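Given next are the chains, with one letter for each unit.
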Amino acid sequence: MGEPDALVVFTPSGRRGRFEHGLTVLDAARRLGVDLDSVCGGRGICGRCQVEVDEGEHAKHGITSSASHLSEVNEVERTYAAERGLAATRRLGCVAHIAGDLVIDVPAESQLYRQVVRKEADAHPIEVDPVVRLYYVEVEEPRLESPTSDATRLREALAREWALERLELDVHVLDDLQQTLRAGDWRVTVAVHDGRSITAVWPGLHEHAYGIAFDVGSTTVAGHLCDLWSGDVLASAGEMNPQIRFGEDLMSRVSYVMLNPGSRKELTRIVRGCLAKLTAELAKAAGVERDDVLEVTIVGNPIMHHLLLGLDPTELGGAPFALAVDESLRLRATDLGLPVHLGARVYVLPCIAGHVGADTAGMILSEGPHLGDEVNLLVDVGTNAEIVLGNRERLLAASSPTGPAFEGAQITFGQRAAPGAIERVRIDPETLEPRVRVIGCDAWSGEPGFADVRVTGICGSGIIEALAELHLAGVLTTDGTIDGALATRSARIVPDGRTFSYLLHDGEPRISVTQDDVRQIQLAKGALYAGCRLLMDHYGLERVDRIRLAGAFGSQIDPKHALVLGLIPDCDPERVTAAGNAAGTGARIALLNGAARREIEEVVRTVEKVETAVEPRFQEHFVQAMAIPHDTDPYERLRAVVPLPRRRKSSPGAKEGRTRRRAASAATRGRRSE
Ligand code: FES
């Protein structure tokens, strides 16, 4: 000390300051608020504080930076390097002292607040700043002359070394606190949740902390196990929701609960069992101890949310669709029977409305429509479509009763998206001959490699492409009729009772698209469009800037085909993109970043809910949206890039009108339940 000041510049933050010689790099970083990690509190054992010297002349700062401007490598660093490995260019920031001007680079893995770049296009990176953190401390040994409890001295150590004051202690921690302190020779690692509670204590240095983000869907339950330090996803797994045996769709599960007193507990028990099983699988797949899982987040639609938490979902079965609770919930993992650390906490994202759940909150968190000026339309397509529209000014949300057709149900040869399902379709407008591709094989029909493939059916994205291509080829008219007049031109158009079918695959089994399939998709897409359009009405918009399609089905459908069929309102096809599993990503963001929880809690409070079931204009939009792509909207933005066939109706008479009206009222009456 007392030496002349040295100028130290940290990159990439660019923060700089003058420091006395002899100060550690970690202390200098802390004084400047530079993001440099540390678990061991500067004892040279965790290795989180690694830095590199950027050597050479730095004219911009007017200094020459040199590795020799740090104190020489000492015994602590040599021991660390021998035991855990340390690159020759790296130094431990808590050990190396400043001895001259320096430009210090803080590598990404040494930053406390790392950014996780997401795979999906247009997605914001996630800043890793979890609610649970690990702290290594040295606790004073008990002395006869000042008798304080081990718990008190542990708290004092955390206050002294990490400025963590007034921490609560989980009761289970006390079970073996005394043994842990002695086993660690009074050096322990403590997990502190939300800066408030001591939830776990390990002897010595403990560096592993993991979390699991769950997305509880009515069909599938998915989980992602993440490293809470790096933010990396270490394992992902999914299971069928075992509640399916009580009903395929949400409403049949609510009916089951209503009709079978006492059954609610069973539905709760089995979905919790599913989460427990996934937890064990994820930990095994990632090669981590379940006891090192300290944090869990959950998203799900309102009915899944209620059943998982043990809440009665029957009020969600009918208007006014009252939620038992809409705010976010914080509980203990043991409350849900999850086989993780006893001190692990669960955060359940907030619900928005009776049909718009924590999964939609997750989608908002993942997509961030509230952060920009552009008006985004987010659509998570499932048996119920959750729709969010807006920007930083306003956000609106609704759910629309699309039914299960998009998942391949109620389609003659429909099936879930699984190997063997047709997922891509192209139809030659001249010959009306199709080419198809199935899940699990990259070859198109007619190409080498396709002959060996067993085609089993057609999934949701396949049926969308088939109908859109049939429309582009002129086989499917504007009102959704397979044009039988073309049967003379192509043997693919086959009489089928009083209507016609299109033979998509003439192998074994023969797979056709029937007139009834078209009607099912028209009902589903009419409901989806009507929900979107209703939100646009409420916002006062004719066009949206951007559309993001989320969920397993939403991410699979081709934006162009979705527009051609009129599933979604007109938009530049370039501005319609897949968002992946946005709900699950939202759960992951809430897992990795505590501030994101506060953010979504605030945003959800401002979301305007639109209840499609009671909106008079829903019916009107629905009927108009039965046409392909739409009865009155010319889809000019789509038409600018995709030549659409001229509008053609097969039988514009009263019969067709009646059919559509009947279909519309059936859909709004009955499909609300799904
Ligand atoms: Fe732990 Fe430097 S802070 S080794």
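Quick caveat: nothing in here was measured; it's all calculated off a predicted structure.

### Concerning the sheet that holds strand 17 (residues 293-300)
Point 1. Strand order across the open sheet formed by 6 strands is 16-15-14-17-19-18, with mixed pairing between neighbours. Sheet topology places strand 16 (233-240) and strand 18 (329-332) at the edges, where each strand pairs with a single neighbour. Geometrically, the sheet is characterised by an average inter-axis angle of 20° between neighbouring strands, direction not taken into account.
Point 2. For strand 15 (residues 220-227) and strand 16, the ladder comprises 7 bridges, and the chain directions are antiparallel. Residue pairing in the sheet places C226 in a bridge with V233 of strand 16.

### Notes on the packing of aromatic side chains
For any pair of aromatic rings, geometry is given as the distance between the ring centres together with the angle between the planes.
Point 1. Here the structure, examined in full by the defined rule, presents 4 aromatic pairs.
Point 2. On the numbers, 4.9 Å between centres and 65° between planes, the contact of Y135 with W162 is edge-to-face. Placement of Y135 in strand 10 (residues 132-138) and of W162 in helix 3 (residues 150-162) is noted, with a sequence separation of 27 residues between them. Pair check on accessibility: Y135 and W162 agree, each one buried.
Point 3. Summarising the aromatic geometry, the rings of F618 and F622 are spaced 6.2 Å apart at their centres and angled 25° between planes, so their arrangement reads as stacked. One end of the pair is F618 and the other is F622, both in helix 16 (residues 616-624) and 4 residues apart, which spans about a single turn.

### Let's talk about unusual backbone geometry
Point 1. The step from A319 to P320 runs through a cis peptide bond, and the omega angle for that step is 5°.
Point 2. Structurally, the position occupied by P320 is in the loop between helix 8 (302-309) and strand 18.
Point 3. Here E508 and P509 are connected by a cis peptide whose omega angle stands at 0°.
Point 4. In this structure, P509 sits in the loop between strand 27 (499-505) and strand 28 (511-513).
Point 5. Residue A163 is not a glycine yet carries a positive backbone phi of 55°.
Point 6. For A163, a relative accessible area of 58% puts it in the exposed group.
Point 7. Residue R166 is not a glycine yet carries a positive backbone phi of 50°.
Point 8. The residue R166 is located in the loop between helix 3 and strand 11 (168-169) in this model.
Point 9. Assessed through its relative accessible area of 78%, R166 is described here as exposed.

### Quick word on the environment of G287
Point 1. The residue G287 is located in the loop between helix 7 (263-286) and strand 17 in this model.
Point 2. C-alpha separation for the pair G287 and A235, spaced 52 residues apart in sequence, amounts to 9.1 Å.

### As for the sheet that holds strand 21 (residues 385-390)
The strands that make up a sheet are held in pairs by hydrogen bonds between backbone atoms, and each pair lies either parallel or antiparallel.
Point 1. Read from one edge to the other, the open sheet built from 6 strands follows the order 30-29-20-21-22-31, with strand pairing classed as mixed. In this open sheet, the two edge strands, each paired with only one partner strand, are strand 30 (576-580) and strand 31 (608-609).
Point 2. Bridge count for strand 20 (residues 376-380) against strand 29 (residues 546-550) is 5 bridges, and the pairing is parallel. From the neighbouring strand, D380 faces strand 29, where its bridge partner is A550.
Point 3. The strands touched by helix 11 (residues 515-539) are strand 20, strand 21 and strand 22 (395-400); relative to strand 21, the strand with the most contacts, the crossing angle is about 25°.

### Things to note about the side chain of T219
Point 1. By the element assignment, T219 lies in the loop between strand 14 (210-216) and strand 15.
Point 2. For T219, a relative accessible area of 15% puts it in the buried group.

### Some words on the packing of helix 10 (residues 460-472) against helix 11
Point 1. For the pair helix 10 and helix 11, the least separation of the axes is 11 Å and the interaxial angle reads 105°. If you check the angle between helix 10 and helix 11, you find them roughly perpendicular. For the pair formed by helix 10 and helix 11, the contact residues are I463, I464 and L467 on the first element and D517, V518 and I521 on the second.
Point 2. Of the residues belonging to the contact of helix 10 with helix 11, the class tally is 5 nonpolar, no polar and 1 charged.

### A short note on helix 3
Point 1. The first and last C-alpha atoms of helix 3 sit 18 Å apart over 13 residues, in line with the 18 Å expected at 1.5 Å per residue.
Point 2. For helix 3, the complete set of buried residues consists of D150, A151, R153, L154, A157, L158 and W162. All buried residues of helix 3 lie within an arc of 165° about the axis, which places them on one face of the element.
Point 3. Directly after helix 3, the chain includes A163, whose backbone phi takes a positive value near 55°.

Scoring rules and cut-offs
- Residues numbered from 1 in each chain as written.
- Predicted model: local features only at pLDDT ≥ 70, side-chain atom pairs only at ≥ 80, totals over all residues.
- Heavy atoms only, no water.
- Pairing = 2+ DSSP bridges.
- Helix = DSSP H or I, 4+ residues; strand = E, 2+ residues; numbered from the N terminus.
- Axes fitted to C-alpha atoms, helices over the stretch in contact; angles between N-to-C directions.
- Phe/Tyr/Trp six-rings, centres within 6.5 Å; stacked < 30°, edge-to-face > 60°.
- Buried < 20%, exposed > 50% of the residue type's maximum accessible area, 1.4 Å probe, protein only.
- Contact = heavy atoms within 4.5 Å.
- Parallel < 35°, antiparallel > 145°, perpendicular 65-115°, else oblique.
- Nonpolar A, V, L, I, M, F, W, Y, C, P; charged D, E, K, R; others polar.
- Expected span 1.5 Å × (residues − 1).
- Arc of directions from axis to C-beta.

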